[in-house]
Amino acid sequence: MNRREPLRVAVIGAGRMGADHVRRIDRVVSGARVTAVVDIDAERAEAVAAGVDGCTAHTDPAAAMAADVDAVLIASSGPAHEAALLTAFAHDLPVLCEKPLTPDAASALRVMEAEQALGHRRVQVGFMRRYDTEYVRLKALLETGRLGRPLMLHNRHRNVAGPPFFTSAMLITDSVAHEVDATRWLLGHEITAVTVLSPTPSSGAPEGLRDPQFVVLETDGGALSDVEIFVNCGFGYQVQAEVVCERGTARIGDGHALVTSTAGRWGGTIAQDWTERFAQAYDDEIQTWVDTTRRGEVTGPGTWDGYAAAAVCEAGVRALEEGGRVEVDLVEKPALYR
Ligand SMILES: NC(=O)c1ccc[n+]([C@@H]2O[C@H](COP(=O)([O-])OP(=O)(O)OC[C@H]3O[C@@H](n4cnc5c(N)ncnc54)[C@H](O)[C@@H]3O)[C@@H](O)[C@H]2O)c1
């Protein structure tokens, strides 16, 4: 495709992320318009579609994809992604699929096999940290080699409060999934094993939830990446990363954009959620997807990255539930993704 006209996008899932992406395509991003919004909750689909000129509301993703659309943005709940991806492949449509690609490695593998059967890449996965200015600068610095070989990556991922349906396993599959991708991307390594430790849960966490957790990822490049995930920290949304290399360290996520000094104190503010902290990253992620799709290209994190993250998270959930160190079992990387 080399489209001069704006890309006609169907957005599947009109919840928090879907509605935000609809707003982004309608008001922020250039070169695309939302022509269909789909949600199994008809009222939600209609409410979101009503805010966009010429946009129709649907409850069935297949019906929306059979209409005149050029591309699909999947922002439904994780378990619904596989069916939507396979339907998009049936129409050979380019897709931006929110993370996780699918909730487990077996379903991710089925998606990867279906994309290989098409013979070309169609999917960009919504690992938006790869578009965040701070992460991009950190990656560029590591690639210069000035600091030497990365030895350790320390990550912190804190949320004000998790949603009521969040389980101990979802701290890994929904939240640590981002650090899994960030680790693979920043270091250029695959993750080979996962260990999960957890302290006595915070009294601020719902009864029975193992929150926080401390996750250790081992990589095939001989590095260690650790992740503190704390979804009910109460005070803000914080995502920080520090890489320790042979000749120095580099750190992002301190949120020092504006520091004030007044009344005997100094300090700044902490973002309250990801839509605020990663607004620039989401905008650049979707703009890049629109631009590359209009040129007939697929860039960024793809199906292999979604599969690898799913396999690592699956090992992480086993490590959480069974204890000890669990090795990650990845299939050989198919030629399409090399
Ligand atoms: N990249 C990020 O930083 C980030 C942040 C939050 C959420 N997400 C991801 O975005 C996706 C959506 O998350 P959310 O927070 O908006 O959840 P949400 O619960 O607010 O919205 C999900 C929506 O999907 C709809 N839905 C469920 N099954 C469907 C189906 N078969 N067809 C059509 N619609 C269906 C639901 O009715 C709901 O409206 C998830 O995959 C989540 O992991 C990514």
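Residues numbered from 1 in each chain as written. Predicted model: local features only at pLDDT ≥ 70, side-chain atom pairs only at ≥ 80, totals over all residues. Heavy atoms only, no water.

**A few points about the environment of V111**
Move 1: Considering the arrangement of structural elements, one finds V111 in helix α5 (residues 105-118).
Move 2: What makes V111 buried here is its relative accessible area of 0%.
Move 3: Considered as a pair, V111 and A83 are 28 residues apart in the sequence and their alpha carbons are 9.1 Å apart.
Move 4: Discounting residues that sit within four places of it in the chain, V111 has contacts with E82, L85, L86, F89, L101, T102 and T303. (Helix = DSSP H or I, 4+ residues; strand = E, 2+ residues; numbered from the N terminus. Buried < 20%, exposed > 50% of the residue type's maximum accessible area, 1.4 Å probe, protein only. Contact = heavy atoms within 4.5 Å.)

**Examining the pairing of strand β7 (residues 150-158)**
Move 1: As paired strands, β7 and strand β11 (residues 238-245) are joined by 8 bridges and run antiparallel to one another. Across the sheet, the residue bridging to R156 is Q240, located in β11.
Move 2: In the sheet, β7 pairs with strand β10 (residues 224-230) via 7 bridges, with the strands oriented parallel. The residue bridging R156 from the neighbouring strand is E228, located in β10. (Pairing = 2+ DSSP bridges.)

**Considering the sheet that holds strand β15 (residues 325-327)**
Move 1: Spatial strand order, β12-β11-β7-β10-β9-β8-β15: 7 strands in an open sheet with mixed pairing. Looking along the sheet, the strands with just one partner apiece sit at the ends: β12 (248-252) and β15. Direction aside, the axes of adjacent strands within the sheet are offset by 15° on average.
Move 2: Bridge count between strand β8 (residues 191-197) and strand β9 (residues 213-219): 6 bridges; the pairing is antiparallel. (Axes fitted to C-alpha atoms, helices over the stretch in contact; angles between N-to-C directions.)

**Considering the layout of surface pockets**
Move 1: Of the pockets and cavities examined, the largest pocket occupies roughly 1,200 Å³.
Move 2: If you go around the largest pocket, you meet 45 residues; those closest to its centre are M17, S76, S77, G78 and D174.
Move 3: Every element with two or more residues in the lining of the largest pocket is listed here: α1 (16-27), α3 (61-66), α4 (81-90) and α7 (168-187).
Move 4: The element best represented in the lining of the largest pocket is α7, accounting for 5 residues.
Move 5: Grouping the constituent residues of the lining of the largest pocket by class yields 24 nonpolar, 14 polar and 7 charged.
Move 6: Put simply, the second largest pocket is a space of about 560 Å³. (1 Å grid on protein atoms, 1.4 Å probe; cavity = no way out; pocket = protein on both sides within 12 Å on 5 of 7 lines; lining within 4 Å. Points joined across faces, edges and corners; volume = space filled by probe spheres on them. Nonpolar A, V, L, I, M, F, W, Y, C, P; charged D, E, K, R; others polar.)

**Some remarks on the site of the ligand**
Move 1: Surrounding the ligand, one finds 23 residues, the nearest of these being M17, D39, R44, K99 and Y282.
Move 2: Taking E98, its side chain carries an N or O atom lying 2.9 Å from a nitrogen atom of the ligand.
Move 3: Take Y282: an N or O atom from its side chain is 2.6 Å from an oxygen atom of the ligand.
Move 4: By residue class, the composition of the shell around the ligand is 10 nonpolar, 8 polar and 5 charged. (Near = heavy atom within 4 Å. Polar contact = N/O pair within 3.5 Å; in protein donor to acceptor, adjacent residues only side chain to side chain.)

**A word on the packing of aromatic side chains**
Move 1: As enumerated under the stated definition, the model contains 4 aromatic pairs in all.
Move 2: For the pair Y237 and F278, a centre-to-centre distance of 6.2 Å together with 80° between the ring planes defines the contact as edge-to-face. With a gap of 41 residues between them, Y237 in the loop between β10 and β11 and F278 in the loop between α8 (274-277) and α9 (279-294) connect regions that are remote in the sequence.
Move 3: Under the relative-accessibility criterion, Y237 is labelled buried at 5%.
Move 4: Consider the rings of W304 and Y307, whose centres lie 5.3 Å apart with planes at 50°: the pair is tilted. A residue pair is termed a helical-turn pair when its members lie 3 or 4 positions apart in one helix, as W304 and Y307 do in helix α10 (residues 303-322) at 3 residues.
Move 5: A residue is classified by how much of its surface remains accessible, and W304, at 4% relative accessible area, is buried. (Phe/Tyr/Trp six-rings, centres within 6.5 Å; stacked < 30°, edge-to-face > 60°.)

**Examining the confidence of the model for the protein chain**
Move 1: Summary statistics for the protein chain give a mean pLDDT of 97 and a share of 99% for residues scoring 70 or more.
Move 2: When mean pLDDT is taken per element in the protein chain, β9 scores highest with 99 and α3 scores lowest with 93. (pLDDT = per-residue confidence, 0-100.)

**Overview of the pairing of β8**
Move 1: Counting buried positions along β8 yields 5 of 7 residues, so the element is predominantly enclosed.
Move 2: Examined bridge by bridge, β8 and β15 share 3 bridges and lie antiparallel to one another. Bridged to V194 within β15 is V326.

**Section: the sheet that holds strand β3 (residues 56-58)**
Move 1: Pairing is parallel in the open sheet, where 6 strands are placed in the order β3-β2-β1-β4-β5-β6. The outermost strands of the open sheet, each flanked by one partner alone, are β3 and β6 (123-126). Ignoring which end each strand starts from, the neighbouring axes of this sheet average 25° apart.
Move 2: Examined bridge by bridge, strand β1 (residues 7-12) and strand β4 (residues 71-74) share 4 bridges and lie parallel to one another. Among the inter-strand pairings, V9 is bridged to a residue of β4, identified as A71.
Move 3: Its contacts with the sheet place helix α2 (residues 42-50) against β2 (32-38) and β3, and it is angled at close to 165° to β3.
Move 4: In the packing of α4 onto the sheet, contacts are made with β4, β5 (95-98) and β6, and the angle to β5 comes to roughly 175°.

**Quick word on the nonpolar core**
Move 1: Counting 56 residues, the largest nonpolar core has I74, L85, L101, V123, V180, V194 and L217 as the members making the most contacts within it.
Move 2: In terms of residue count, the dominant contributor to this core is α10 (12 residues).
Move 3: Ignoring any residue separated from it by four or fewer positions in sequence, one finds L101 in contact with H81, L85, A108, V111, V123, V125, T303, G306 and Y307.
Move 4: Counting residues in hydrophobic clusters, the runner-up holds 43 residues, among them V37, C55, L73 and A75. (Core = buried A, V, L, I, M, F, W, Y, C linked by side-chain atoms within 4.5 Å.)

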